[in-house]
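Take a look at the letters that make up each chain.
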Amino acid sequence: ILDRNKVTGIVNATYLPKEGKITFAQSSLTLDNFKVIWRGDLVLQPAGNLFDVTFESGQAAFKDILSLHPSILLEDMKHISASGDFKLMGSIKGLLTDNMEQVPSFDIELKVADGNFKIDTLSLPVKNINIDLALQNTTGRWLDTKIDLKAFHAELGRYPIRGRFKLEGFTDPLIVTDIISKIQL
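Just so we're clear, the structure is a prediction, and the values are computed from it rather than from any experiment. (Residues numbered from 1 in each chain as written. Predicted model: local features only at pLDDT ≥ 70, side-chain atom pairs only at ≥ 80, totals over all residues. Heavy atoms only, no water.)

Draft legend 1. Spatial organisation of the pairing of strand E12 (residues 174-181). As paired elements, strand E11 (residues 159-168) and E12 share eight bridges and run antiparallel to each other. Across the sheet, the residue bridging to Leu167 is Ile175, located in E12. The antiparallel hairpin formed by E11 and E12 contains five residues in its connecting segment, where Gly169 sits at a positive phi of about 85°. (Pairing = 2+ DSSP bridges. Helix = DSSP H or I, 4+ residues; strand = E, 2+ residues; numbered from the N terminus.)

Rendered as structure tokens:
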């Protein structure tokens, strides 16, 4: 998607060559209208990179996140009406080895509140979109990652869908889910 969307960034960094350390003051990356602000440290090491970074989107418009979908070009956004709020925040801390045997711990939250969108070519809008998603890893092993979709709700016309999904680990996973919907076929 980076070859078709507008990407801009502001990087405020200090590099200490003796330590192999890059310190980022408040920096940002904007893809289309979606902006992420980050700060923290990156230490370049022979075995990999050591991260201590926090990031956040602040309160963004739900329409801004829709523009990131690979099938939606910026010029297509004029055919989509959308409202609602989107928020992304998180932290990444620890070593990422070159072979990916060790990953940094991370804690990432994504929330959508009161999201709605309507595409001109479709008859029904999608309304009342609410999402509360958390991604977490505390062990440094990729296979121990936890995905917790604590809540999901959306309505397609008169037909609601809601649910939750939780996955703890990939090798011997614990999966808890329920999805409830009313669909007329």
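Draft legend 2. View of the side chain of Glu155. Positionally, Glu155 belongs in strand E10 (residues 146-156). Within the buried core, Glu155 has no salt-bridge partner, and the shortest N-O distance to an opposite charge, that of Lys127, equals 4.8 Å. A polar contact is formed between the side chain of Glu155 and the side chain of Asn128, at a distance of 2.9 Å. For Glu155, the side chain forms a polar contact with the side chain of His153, separated by 2.9 Å. Among residues more than four places away in sequence, those in contact with Glu155 are Pro125, Val126, Lys127, Asn128 and Pro160. (Buried < 20%, exposed > 50% of the residue type's maximum accessible area, 1.4 Å probe, protein only. Lys, Arg positive; Asp, Glu negative; His and termini not counted. Salt bridge = Lys/Arg side-chain N within 4 Å of Asp/Glu carboxyl O. Polar contact = N/O pair within 3.5 Å; in protein donor to acceptor, adjacent residues only side chain to side chain. Contact = heavy atoms within 4.5 Å.)

Draft legend 3. Quick peek at the packing of aromatic side chains. A complete count under the given rule lists four aromatic pairs for this structure. Ring plane angle 45° and centroid distance 6.3 Å describe the contact between Phe106 and Trp142, whose orientation is recorded as tilted. Pair noted here: Phe106 is in strand E8 (residues 105-119) and Trp142 is in the loop between strand E9 (126-137) and E10, with a separation of 36 residues, a long-range link. The exposure class of Phe106 is buried, given its relative accessible area of 13%. When its relative accessible area of 45% is taken as the criterion, Trp142 is described as partly exposed. (Phe/Tyr/Trp six-rings, centres within 6.5 Å; stacked < 30°, edge-to-face > 60°.)

Draft legend 4. Representation of the environment of Ala13 in the model. Along the polypeptide, Ala13 turns up in strand E2 (residues 13-16). Assessed through its relative accessible area of 47%, Ala13 is described here as partly exposed. Residues Ala13 and Ala25, spaced twelve residues apart in sequence, show a C-alpha to C-alpha distance of 6.0 Å. When neighbours within four sequence positions are excluded, Ala13 is seen to be in contact with Ile22, Thr23 and Phe24.

Draft legend 5. Expanded view of the nonpolar core. In this structure, Phe34, Phe55, Phe86, Leu88 and Ile129 are the most contacted members of the largest nonpolar core, which totals 22 residues. Beyond its immediate chain neighbours, meaning those up to four positions away, Phe55 contacts Val36, Ile37, Trp38, Leu88, Met89, Gly90, Ser91, Ile92 and Ile108. (Core = buried A, V, L, I, M, F, W, Y, C linked by side-chain atoms within 4.5 Å.)

Draft legend 6. Spatial organisation of the pattern of salt bridges. Scanning the model with the defined rule gives eight salt bridges in all. Residues Glu109 and Lys111 are paired through a salt bridge, measuring 3.9 Å at the closest nitrogen-oxygen approach. Residue classification places Lys111 among the partly exposed residues on the basis of a relative accessible area of 33%. The salt bridge involving Asp178 is made with Arg164; its shortest N-O contact spans 2.6 Å. Taken together, the residues Asp178 in strand E12 and Arg164 in strand E11 connect sequence positions 14 residues apart. The class for Asp178 is partly exposed, based on a relative accessible area of 29%.

Draft legend 7. Molecular detail of the pairing of strand E3 (residues 21-31). Where strand E1 (residues 7-10) lies against E3, four bridges are found, and the strand directions are antiparallel. Along E3, the bridge assignment pairs Gly9 with Leu29. Sheet topology places E2 next to E3; four bridges connect them, and they run antiparallel. Among the inter-strand pairings, Ala13 is bridged to a residue of E3, identified as Phe24. The loop that links E2 with its antiparallel partner E3 comprises four residues; one of these, Gly20, has a positive phi angle of about 65°.

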